[in-house]
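This is what each chain is made of:
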Protein chains: 4
Amino acid sequence: METYSQTFLESQKNMGRLLISCPDKPGIVAAISKFLYQFGANIVESNQYSTNPEGGSFFVRIVFECPDLKMKETELEEQFQPIADQFSMQWRFTFGYEVKKTAIFVSKELHCLRELLWEWQSGDLLTDLALVISNHEDCREIVESLNIPFYYIPASKENRVEVEKKQLQLLKEYNIDLIILARYMQILTPEFVEVHPNRIINIHHSFLPAFVGARPYERAYKRGVKLIGATSHYVTNDLDEGPIIEQDIMRVDHRANIEELKKIGRSIERSVLARAVNWHLEDRIIVHENKTIVF
Amino acid sequence: METYSQTFLESQKNMGRLLISCPDKPGIVAAISKFLYQFGANIVESNQYSTNPEGGSFFVRIVFECPDLKMKETELEEQFQPIADQFSMQWRFTFGYEVKKTAIFVSKELHCLRELLWEWQSGDLLTDLALVISNHEDCREIVESLNIPFYYIPASKENRVEVEKKQLQLLKEYNIDLIILARYMQILTPEFVEVHPNRIINIHHSFLPAFVGARPYERAYKRGVKLIGATSHYVTNDLDEGPIIEQDIMRVDHRANIEELKKIGRSIERSVLARAVNWHLEDRIIVHENKTIVF
Amino acid sequence: METYSQTFLESQKNMGRLLISCPDKPGIVAAISKFLYQFGANIVESNQYSTNPEGGSFFVRIVFECPDLKMKETELEEQFQPIADQFSMQWRFTFGYEVKKTAIFVSKELHCLRELLWEWQSGDLLTDLALVISNHEDCREIVESLNIPFYYIPASKENRVEVEKKQLQLLKEYNIDLIILARYMQILTPEFVEVHPNRIINIHHSFLPAFVGARPYERAYKRGVKLIGATSHYVTNDLDEGPIIEQDIMRVDHRANIEELKKIGRSIERSVLARAVNWHLEDRIIVHENKTIVF
Amino acid sequence: METYSQTFLESQKNMGRLLISCPDKPGIVAAISKFLYQFGANIVESNQYSTNPEGGSFFVRIVFECPDLKMKETELEEQFQPIADQFSMQWRFTFGYEVKKTAIFVSKELHCLRELLWEWQSGDLLTDLALVISNHEDCREIVESLNIPFYYIPASKENRVEVEKKQLQLLKEYNIDLIILARYMQILTPEFVEVHPNRIINIHHSFLPAFVGARPYERAYKRGVKLIGATSHYVTNDLDEGPIIEQDIMRVDHRANIEELKKIGRSIERSVLARAVNWHLEDRIIVHENKTIVF
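Residues numbered from 1 in each chain as written. Chains lettered and ligands numbered in written order. Predicted model: local features only at pLDDT ≥ 70, side-chain atom pairs only at ≥ 80, totals over all residues. Heavy atoms only, no water.

Now for the overall build of chain A. From N to C terminus, chain A includes nine helices and 13 strands. Taken over C-alpha atoms, the radius of gyration comes to 21 Å for chain A, in line with the 19 Å a tight globule of 295 residues would show. A principal-axis box enclosing the C-alpha atoms of chain A has dimensions of 60 × 45 × 35 Å. Contacts in chain A between residues far apart in sequence, at least 24 positions, make up 68% of those at least 6 positions apart. Carbon and sulfur atoms make up 48% of the accessible area of chain A, which amounts to about 12,400 Å² in all. Counting 34 positive and 42 negative side-chain charges, chain A places the averaged centre of each group 6 Å from the other. (Helix = DSSP H or I, 4+ residues; strand = E, 2+ residues; numbered from the N terminus. Rg over C-alpha atoms; globule rule 2.2 N^0.38 Å. Contact = heavy atoms within 4.5 Å. Areas by Shrake-Rupley, 256 points an atom, 1.4 Å probe, with all protein chains shown as cover. Lys, Arg positive; Asp, Glu negative; His and termini not counted. Charge placed at Lys NZ, Arg CZ, Asp CG, Glu CD.)

Below, the structure is given as structure tokens:
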């Protein structure tokens, strides 16, 4: 399902993005910008960051415009390869007209799903929302009313392998680029995570690393914290330990009971997850040593 | 040393505060307000909170004005005793004209001390700043330039008992009500803590319970968090586990190295500690089951 | 339409609220709390504020629990009248089981409507959402899908009187307590406003008093502000000058164009309006001299 | 007076910054980066922004490292001139080892001055704090105790021209790069402003454009706003209308009287001004059409 207009896609038809990580060395920017200039591409936006001038790492995100880009994709990547080799780059080009395909996983708490659906309906989430998978039936109606395919796959500790097999098949079938765990209360196996490196975004309902694991609001209540938070991160095999993409908090006071903490928390979770997903879709995130650079 | 004017103290001469915790029961507010009314005291401000209507706890903070209060202190407390007994209250009256005496403990990092001195000089911290104790000489000049007694007591793991003996003697001599650990990097013994229940305020340089213990900024950097925080809390025998009074955070991004995290953190620590101290001095805080109610 | 459960209403059946404004005088709290105690009502929560001890104004919000409250409503109000007279009070009792009836007015921008519908569906907005009125057809489908009556009344400067006549008739018919202008882009006449004093809540898409009037985002962009805000307020006859209930802001930078300011702004508008509406429904707001006290 | 160590200056001896505004055209980045590479300079950090791909403006800030930079300054600028001409650039190189000279103007409210002095003492404000000018004697002691020259120049509407003559002479004598109005409550003449384009930073004690002009806290109190703000901006001839550099706000409620609004406001003013000054000193700000781009 797509909500963005053909006009928008048309406006993106010559827009490309280039993301690079590599060891820092003199001449990288000169080499890249000379290449793009000679290829006929005009740099529209550019952000660069180095961890340390000497012996450090170099990261850049460049947005460019290039006439007839769609027809030159292969040519662009082929001609860039020698520069990438010269500087030992990890790199990727993405193209404004190639919209990423997304799957949302959800359980019974629907506020994050609703926020994503809403942003997507408003045209603010630039993705092809291909399917929703849930271990409950609660959201079928709302999902199907938007003509998005919904798959009910009951899940438990016992049938994890079988469940993931079905899920992986669907993800492959729909050609999914990004998986969003919008309060999906099941743990994924290392096998599942491994095939989607930095392509699964989770929302954890606390300010990590405070309250790692289950029932964070209950524990926040018990500890008497004065701020409630949420964290969106890429999923790795270490529970709640993946690279943090975005965090936010809200102020609470002694009057808030657990139910109210949860209610306030839902509002933070919604916006924190939506921001992280947006940044991923706009290719703003580079992962480096379990941390994120967000341009 | 006092910075507030005699005019201010004069304006407070009839102002009192009443803080109460007790099991919740019908008739408490009626009993208290009838008592105050009959005593000739007018309620100026009042905040109340109950954990749960049935079988819960009741907390109230009342600010009142009463002609000739200074002369009636004993009478007030004596006459209130029967009501306190009737409802099994923990209670205390404090008086606007009785300024609390404060001691600041500090090590080598002076930003929190500076903030407190500054607020105190501006008349915004209503306390008699009686002395500063440090295990380093760094702040002697700034403290003594304000005519505040400064005591240098070198401290280490080895001489802890002896050091605390000297400190306790000074606290007694100066008749101290509140101890502020303004980045005092020594751990206090249970014996020291025990004699000052809910009267020692510490600033921890992280958003607790994240990064309990040493070197929180280094660990925050390593974890790649997107928010940096600070927490002020009453000191108990469990390291960094005492009742939280106030917390705050600031946003950081991938560009911030450890030094910059520390710099940003200093700014949060300053304001979080100053707010907590102010609330304590204004008798706004009630501690209940390792949590704070801040009215 | 109601979304809260009968169980919830049942839990509220003995809960009442009392809101009072009056000239400050000794004995008010004693009189009220004695009255409630003798009536058999237990004070659950209480907040009080005085503008100035001498010659000022006194405000209080009390939440209480009273067995068989529903049957004693008239009795309660009758017996309280003498106290109200004695202290020249403006006062009202409200009852937890009497859910307020709400009408939403909306034009073409639907994000605030969606947020309210969502909170209402989740059971977080305790109101009987009686009808939605719009001068456009855009939201008919979403409103009617929730079984809420939708009325399309095309509006313009020319037919204002006629339009308002229809609207007033509907509001009367549905017995409406609260009108929410959820981005309703029409100006109301003094006659309309007059019959709903402090019962119309508007959301203005700027941090008032900055950018009063039309096209605030365009003007914010032009001025180069670094923060974007929204303001919810009660509607009076002075455009954007009514008592402010709630405000909030978000940080923006030079990269945000007008479209992006609007997108960020929508997110603030949603939450600011929802908070204001919630506080109104919970009887937390007292209006005094074009300002609000929010307990 | 300088507080940074010689070690720090030493570490900066090869660091340079390049700031450019120009009409957007293909090839700018390629030309700049090729030039720097061939000059032997390595780009450490780079931020770029274009208002609009077609016919818009291009802005870039580049931080670079170049061996023996101090000896090559003139050469660098001479060799860059042809590129600057080719693209019609407004440009400037600045050098890490050339510390900017700053003058602070202040009246009777000293909190902003204190914050700046403090950051400067801590080594967090990288500037040569050359002198403080005031129309009152209040801060003489604190300024002179830090061995900073203090000049008392009484000022009023009547003697404005004469006063500014003295001030301009001092600014010239001390070779001042940046003037900070740290709550200097006098209006500057167009003649004074003209000779320091985008080199005078003021702190206004409100969230501009709300409460332009005098007594903003009084007016904020009267309007009943729920957030209090401060704005730092470059001074132009239009009162409070210059390019905004930074803004921030804090939440207030009905209990805050004017004095408390001012107290809360002081805390925001301090940090907002300090951030703006820091960004200016780090050459992070480009002014474009009465707005700022802050890299």
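Before going further, it helps to spend a moment on empty space enclosed by the protein. One pass over the structure, following the stated rule, counts 15 cavities of 30 Å³ or more. Of the voids in this model, the largest cavity is the one considered here, and its volume is about 130 Å³. Residue lining of the largest cavity: 17 residues in total, with A:Val29, A:Ser46, D:Val29, D:Ser46 and D:Gln48 positioned closest to the centre. When residues of the lining of the largest cavity are traced back to their parent elements, those giving at least two are helix H2 (28-39), strand E2 (42-50) and strand E3 (57-65) of chain A together with helix H2 (28-39), strand E2 (42-50) and strand E3 (57-65) of chain D. A breakdown of the residues in the lining of the largest cavity according to their chemical character gives 11 nonpolar, six polar and no charged. (1 Å grid on protein atoms, 1.4 Å probe; cavity = no way out; pocket = protein on both sides within 12 Å on 5 of 7 lines; lining within 4 Å. Points joined across faces, edges and corners; volume = space filled by probe spheres on them. Nonpolar A, V, L, I, M, F, W, Y, C, P; charged D, E, K, R; others polar.)

In this section: the UniProt feature "active site" (unreviewed entry) in chain A. Sequence positions flagged by UniProt for "active site" (unreviewed entry) are, in local numbering, A:Asp240. Within the secondary structure, A:Asp240 sits in the loop between strand E10 (227-234) and strand E11 (244-251). Using a relative accessible area of 7% as the deciding quantity, one classes A:Asp240 as buried. Beyond its immediate chain neighbours, meaning those up to four positions away, A:Asp240 contacts A:Asn202, A:His204, A:Leu208, A:Val212, A:Gly213, A:His233 and B:Arg223. At a separation of 2.8 Å, a polar atom in the side chain of A:Asp240 contacts the main-chain amide nitrogen of A:Gly213. (UniProt positions renumbered as here; feature names shortened; annotations may be inferred. Buried < 20%, exposed > 50% of the residue type's maximum accessible area, 1.4 Å probe, protein only. Polar contact = N/O pair within 3.5 Å; in protein donor to acceptor, adjacent residues only side chain to side chain.)

All names here are of chain A. In this fold, lysine 108 is placed in the loop between strand E5 (101-106) and helix H4 (111-121). On a C-alpha basis, the gap between lysine 108 and arginine 183 in space is 8.0 Å, while along the polypeptide they are 75 residues apart. Residues within four places of lysine 108 in sequence aside, it is in contact with His136 and Asp138.

Between chain B and chain A, the contact holds 32 residues from the first and 32 residues from the second. Summing both sides of the interface, chain B and chain A together bury roughly 2,800 Å²; the carbon and sulfur share of this comes to 55%. When the area that chain B buries against chain A is broken down by residue, the three leading residues are B:Arg223, B:Lys226 and B:His254, summing to 27%. Between the two partners, chain B and chain A, sit six salt bridges. Ionic pairing is found between A:Glu241 and B:Arg223, a salt bridge with its closest N-O pair at 3.6 Å. One can count 20 residue pairs in polar contact (both at pLDDT 80 or more) joining chain B with chain A. Counting residues per element, the ones that place at least two in the side of chain B that touches chain A are helix H8 (216-223), strand E11 (244-251) and strand E13 (291-294) of chain B. Of all the elements, E11(B) adds the most residues to the side of chain B that touches chain A, at seven residues. A per-class count over the side of chain B that touches chain A returns 15 nonpolar, six polar and 11 charged. (Buried area = accessible area lost by both parts, 1.4 Å probe. Salt bridge = Lys/Arg side-chain N within 4 Å of Asp/Glu carboxyl O.)

All right, on to the packing of H8(B) against helix H9 (residues 258-281) of chain B then. Residues and elements named next belong to chain B. Two numbers describe how H8 lies on H9: the axes approach to 10 Å, and their chain directions differ by 120°. Viewed along their axes, H8 and H9 adopt a mutual orientation that is oblique. Note that H8 runs across H9; the crossing there is right-handed. Listed contacts from H9 to Tyr217, Glu218, Ala220 and Tyr221 of H8 are Ile258, Leu261, Lys262, Gly265, Arg266 and Glu269. Along the lines of polarity and charge, the residues of the contact of H8 with H9 split into five nonpolar, one polar and four charged. (Axes fitted to C-alpha atoms, helices over the stretch in contact; angles between N-to-C directions. Parallel < 35°, antiparallel > 145°, perpendicular 65-115°, else oblique. Left-handed = near helix turned anticlockwise from the far one by under 90°.)

A few words now on the pattern of salt bridges. All names here are of chain A. With the rule as written, the count across this model stands at 96 salt bridges over all chains. We note a salt bridge from arginine 183 to glutamate 269, for which the minimum N-O separation is 2.7 Å. Taken as a pair, arginine 183 in the loop between strand E8 (178-181) and helix H7 (190-194) and glutamate 269 in helix H9 (residues 258-281) lie far apart in primary sequence, 86 residues in all. A single salt-bridge network, built from bridges that share partners, covers Arg17, Arg92, Lys100 and Asp283.

To continue, consider the packing of helix H2 (residues 28-39) of chain B against helix H2 (residues 28-39) of chain C. Running from amino to carboxyl end, H2(B) crosses H2(C) at an angle of 145°, the nearest separation of the two axes being 8 Å. For the pair H2(B) and H2(C), the crossing hand works out as left-handed. In this structure, H2(B) contributes B:Val29, B:Ala30, B:Ser33, B:Lys34 and B:Tyr37 to the contact, and H2(C) contributes C:Val29, C:Ala30, C:Ser33, C:Lys34 and C:Tyr37. Considered class by class, the residues forming the contact of H2(B) with H2(C) number six nonpolar, two polar and two charged.

What follows is about the relation of the copies chain B and chain A. One copy of the chain maps onto the second through a rotation around an axis plus a translation along that axis. You can overlay chain B on chain A at an RMSD of 0.0 Å; the transform is a turn of 180° with a shift of 0.0 Å along its axis. Viewed as a symmetry operation, the transformation between the two copies matches a two-fold axis. Every residue of chain B has its C-alpha some distance from the rotation axis, and the shortest such distance is that of B:Ala210, at 2.2 Å. Of the residues that chain B buries at the interface, 100% are likewise interface residues in chain A, meaning the two copies contact each other through the same surface. (Least-squares fit on C-alpha atoms with pLDDT ≥ 70 in both.)

Below, the discussion takes up the interface of chain A and chain D. With 19 residues of chain A at the contact, the number on the chain D side is 19 residues. For the pair chain A and chain D, the interface holds zero salt bridges. Our enumeration of links across chain A and chain D arrives at seven residue pairs in polar contact (both at pLDDT 80 or more). Ranked by residues supplied to the side of chain A that touches chain D, first place goes to E2(A) with eight residues. Class assignment for the residues of the side of chain A that touches chain D results in seven nonpolar, seven polar and five charged. Two strands pair when backbone bridges link them, and E2(A) and E2(D) are joined in this way by three bridges, in the antiparallel orientation. Its bridge partner being in E2(D), A:Gln48 is matched across the sheet by D:Ser46. (Pairing = 2+ DSSP bridges.)

The next point concerns the relation of the copies chain A and chain D. Overlaying chain A on chain D yields an RMSD of 0.0 Å, the required transformation being a rotation through 180° with an accompanying axial translation of 0.0 Å. Counting the interface residues of chain A, we find that 100% of their copies in chain D are interface residues as well, pointing to one common contact surface.

With that out of the way, let us pick up unusual backbone geometry. A:Pro209 follows A:Leu208 through a cis peptide bond whose omega is 5°. Relative to the assigned elements, A:Pro209 resides in the loop between strand E9 (200-204) and helix H8 (216-223). Its identity as a non-glycine residue notwithstanding, D:Asn175 has a phi of 60°, on the positive side.

This next bit is on the pairing of strand E6 (residues 128-134) of chain C. Residues and elements named next belong to chain C. Within E6, seven of the seven residues are buried, leaving the element largely enclosed by the surrounding structure. Pairing between strand E5 (residues 101-106) and E6: six bridges, direction parallel. Each bridged residue has a counterpart across the sheet, and for phenylalanine 105 the counterpart in E6 is isoleucine 133. The handedness of the E5 to E6 crossover, carried by helix H4 (residues 111-121), is right-handed. Here E6 pairs with strand E7 (residues 150-152) via three bridges, running parallel. Residue pairing in the sheet places isoleucine 133 in a bridge with tyrosine 151 of E7. (Right-handed = clockwise from strand over helix to strand, strands pointing away.)

The geometry of two aromatic rings is summed up by the distance between their centres and the angle between their planes. Counted according to the given criterion, the structure contains 52 aromatic pairs over all chains. With a centroid separation of 5.9 Å and 85° between ring planes, the pair formed by D:Phe64 and D:Phe93 is classed as edge-to-face. In this pair, D:Phe64 sits in strand E3 while D:Phe93 sits in strand E4 (residues 90-95), placing the two residues 29 residues apart along the sequence. Residue class for D:Phe93 comes out buried when judged on its relative accessible area of 7%. These aromatic residues form a ring-pair network of at least three members: A:Phe35, A:Phe39, A:Phe64, A:Phe80, A:Trp91, A:Phe93, A:Phe95 and A:Tyr97. Directly above the ring of D:Trp118 sits B:Arg270, whose terminal nitrogen or CZ lies 3.8 Å from the centroid. (Phe/Tyr/Trp six-rings, centres within 6.5 Å; stacked < 30°, edge-to-face > 60°. Lys NZ or Arg CZ within 6 Å of the ring centre and 35° of its normal.)

Let's shift gears to the side chain of A:Asp283. All names here are of chain A. For aspartate 283, the position within the fold is in the loop between H9 and strand E12 (285-288). Aspartate 283 gets classed as buried once you look at its relative accessible area, which sits at 1%. Polar side-chain contacts of aspartate 283 include one of 2.7 Å to the side chain of threonine 94. Those residues within four positions of aspartate 283 in sequence are excluded, and the remaining contacts are Arg17, Leu19, Arg61, Arg92, Thr94 and Lys100.

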